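Survey of secondary and tertiary structure
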Amino acid sequence: MNIEALFSVKGKVVLVTGGSRGIGEMIATGFVQGGARVYISSRSSKACDEVAAKLTALGPGECISLPGDLQNLADLKGLVAELTKRETHLDVLVNNAGATWGAPIDSYPDAAFQKIMNLNVTRIFTLTQACLPLLRANASADSPSSVINIGSINGESVPGMETYAYSSSKAAVHHLTRHLASTLGKEHILVNAVAPGSFPSKMMAATLRDFGDEIIAKVPVGRVGTPEDVAGTCIYLASRAGQYTCGSVIVVDGGALHSSSKI
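The rules behind each value
- Residues numbered from 1 in each chain as written.
- Predicted model: local features only at pLDDT ≥ 70, side-chain atom pairs only at ≥ 80, totals over all residues.
- Heavy atoms only, no water.
- UniProt positions renumbered as here; feature names shortened; annotations may be inferred.
- Axes fitted to C-alpha atoms, helices over the stretch in contact; angles between N-to-C directions.
- Helix = DSSP H or I, 4+ residues; strand = E, 2+ residues; numbered from the N terminus.
- Parallel < 35°, antiparallel > 145°, perpendicular 65-115°, else oblique.
- Left-handed = near helix turned anticlockwise from the far one by under 90°.
- Contact = heavy atoms within 4.5 Å.
- Nonpolar A, V, L, I, M, F, W, Y, C, P; charged D, E, K, R; others polar.
- Pairing = 2+ DSSP bridges.
- Salt bridge = Lys/Arg side-chain N within 4 Å of Asp/Glu carboxyl O.
- Expected span 1.5 Å × (residues − 1).
- Buried < 20%, exposed > 50% of the residue type's maximum accessible area, 1.4 Å probe, protein only.
- Arc of directions from axis to C-beta.
- Polar contact = N/O pair within 3.5 Å; in protein donor to acceptor, adjacent residues only side chain to side chain.
- Phe/Tyr/Trp six-rings, centres within 6.5 Å; stacked < 30°, edge-to-face > 60°.

As recorded by UniProt, the Sequence similarities (unreviewed entry) comment attached to the protein reads in full: "Belongs to the short-chain dehydrogenases/reductases (SDR) family."

1. Examining the packing of helix α5 (residues 110-137) against helix α6 (residues 164-184)
Following both chains from N to C, one finds α5 and α6 inclined at 20°, their axes separated by 8 Å at the closest point. Considering their axes alone, α5 and α6 lie roughly parallel with respect to each other. In this structure, α5 crosses over α6, and the sense of that crossing is right-handed. Seen from α5, the contacting residues are F113, I116, M117, N120, V121, I124, F125, T128 and L132; seen from α6, they are Y164, A165, Y166, S168, S169, K170, A172, V173, L176, L180 and L184. Of the residues that constitute the contact of α5 with α6, the class distribution is 15 nonpolar, four polar and one charged.

2. Here we look at the sheet that holds strand β4 (residues 92-95)
Taken in spatial order, the seven strands of this open sheet run β3-β2-β1-β4-β5-β6-β7, and their pairing is parallel. Edge positions in the open sheet fall to β3 (62-65) and β7 (249-252), since each of these has one partner strand only. The average undirected angle you get between the axes of adjacent strands in this sheet is 20°. As paired strands, strand β5 (residues 145-150) and strand β6 (residues 189-196) are joined by six bridges and run parallel to one another. Its bridge partner being in β6, V147 is matched across the sheet by V191. Across the sheet, helix α4 (residues 73-86) lies against β1 (13-17), β2 (37-41) and β3, angled at about 160° from β2, the strand it touches most. Its contacts with the sheet put α5 on β1, β4, β5 and β6, and the angle it makes with β4 is roughly 175°.

3. Some details on the pattern of salt bridges
Following the criterion strictly, the structure yields six salt bridges and no others. Two residues, E82 and R86, come together in a salt bridge whose shortest N-O distance is 2.9 Å. With a gap of four residues between them, E82 and R86 both fall in helix α4, about one helical turn apart. For E187, the salt bridge is made with R136, and the minimal N-O distance between the two is 2.6 Å.

4. Structural notes on α4
Its 14 residues place the ends of α4 20 Å apart at the C-alpha level, agreeing with the 20 Å of an ideal helix rising 1.5 Å per residue. Here α4 has its buried residues at L76, L79, V80 and L83. Buried residues of α4, seen end-on, are gathered within an arc of 90° and therefore sit on one face of the element. Set apart from the buried face of α4 by more than 90 degrees, the exposed residues are A74, K77 and K85. Its side-chain oxygen at 2.8 Å from the backbone nitrogen of A74, N72 defines the N-terminal cap of α4.

5. Regarding the packing of aromatic side chains
Counted under the stated rule, the structure contains two aromatic pairs. Centroid distance Y108 to F113: 5.8 Å. Interplanar angle 70°. Geometry classified as edge-to-face. A relative accessible area of 14% means that Y108 is categorised as buried. Within the aromatic cluster, the residues linked to one another by ring pairs are Y108, F113 and Y164.

6. Looking at unusual backbone geometry
The omega angle of the peptide bond from G59 to P60 is -5°, so this bond is cis rather than trans. You can see P60 is positioned in the loop between α3 (45-58) and β3. For H188, which is not glycine, the phi torsion reads 65° and is therefore positive. As for its position among the elements, H188 is in the loop between α6 and β6.

See below:
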């Protein structure tokens, strides 16, 4: 058994949404350093272009900017159309783009709830659906395509913060993953989810700044996640090593979810 080949993503074509920062950038970095050709999307063209140039310089793979606002259906369709012009197939789709909103239950805005659910759930389905021709194009029993949805441990247990739409959306992502897997697995498209715990992302920056010591104290391994932790999990799912994993939600949180003192 060749272990290097077992986890290889060299030459794969990858799309990472929300790839210009946070966990998305961590995942994109791992695939680029693994020799893949990685497309990243984000709302900010400038940020997308800058990160793509930075990651390409790391090599040995390549990173290409495909900016777009996935809340906007026209932007989503335009992104897929542009990807289709450039590539004959897509090996890996990482549905990472997402947002959160916190507010007391009595004043939680309806518009915010709708926005979070749309981006975090509906657009995962819409983008996966739009990418199916590319995902099907090169998929086979020996080399399946892969869809990796980024959920959260907040979709597995109730968080302490009043982020009602976020936790609900991530629980929906986990179940949508299972449902998609039951259909697309038959077409050699593996669908799985990664449920991260605490990582040093922009979304978590304020929480880690204010409660970092408390959060780390409740993580059995005694630290927050690193880029290698989340990128490694995604590379496993996208490589030969993960070809018998389909419909799973992999929790990557240092044991926090099952700790006796929850975050």
